[in-house]
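The lines below spell out each chain.
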Amino acid sequence: LQPTSRSPVLLIHGDHDDVVTVEATYDAEKKLKNANINVQKRIIPYLGHSIDHEGLMLGEAFIKKHLYNLD
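Residues numbered from 1 in each chain as written. Predicted model: local features only at pLDDT ≥ 70, side-chain atom pairs only at ≥ 80, totals over all residues. Heavy atoms only, no water.

Asker: So, helix 1 (residues 23-34): which residues are in play, and what are the values?
Answerer: Taking 1.5 Å of rise per residue, 12 residues should cover 16 Å, and helix 1 covers 17 Å from first to last C-alpha, within 8% of that figure. Residues of helix 1 that are buried include every one of Thr25, Glu29 and Leu32, and no others. The buried residues of helix 1 occupy an angular sector of 70° when projected down its axis, which confines them to one face. Turned more than 90 degrees from where helix 1 packs its buried face, Glu23, Lys30, Lys31 and Asn34 sit exposed. Contact partners of the buried residues in helix 1: strand 1 (9-14) and strand 2 (39-44). (Helix = DSSP H or I, 4+ residues; strand = E, 2+ residues; numbered from the N terminus. Expected span 1.5 Å × (residues − 1). Buried < 20%, exposed > 50% of the residue type's maximum accessible area, 1.4 Å probe, protein only. Arc of directions from axis to C-beta. Contact = heavy atoms within 4.5 Å.)

Asker: Tell me about the pairing of strand 2, residues and numbers included.
Answerer: Direction of pairing for strand 1 relative to strand 2: parallel, over a ladder of 6 bridges. Paired with leucine 10 across the bridge in strand 2 is glutamine 40. Since strand 1 and strand 2 lie parallel, the crossover through helix 1 that links them has a hand, and here it is right-handed. (Pairing = 2+ DSSP bridges. Right-handed = clockwise from strand over helix to strand, strands pointing away.)

Asker: Describe the pattern of salt bridges, listing the residues and the values that go with them.
Answerer: Scanning the entire structure with this criterion turns up 5 salt bridges. Glutamate 29 is the partner of lysine 33 in a salt bridge, and the nearest nitrogen-oxygen pair spans 3.4 Å. Taken together, the positions of lysine 33 and glutamate 29, both in helix 1 and 4 residues apart, correspond to about one turn of that helix. The class for glutamate 29 is buried, based on a relative accessible area of 13%. (Salt bridge = Lys/Arg side-chain N within 4 Å of Asp/Glu carboxyl O.)

Purely spatial values, then, with no claim about function.
Take a look at the structure:
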């Protein structure tokens, strides 16, 4: 299957996630890049299957930049 959108993607994952392994993020990144999709990745040390302040701030900045063109 080929993607119908080329929207950029931000992947954020904790390296201590015991529900979804961090390898899933590396695999997703590889597949997205192979599909010529702009992908950014951040692996957060010591974070489990959760979201922390850093992840929230990264997500907010990503949305502002790519959805609202704000830097």
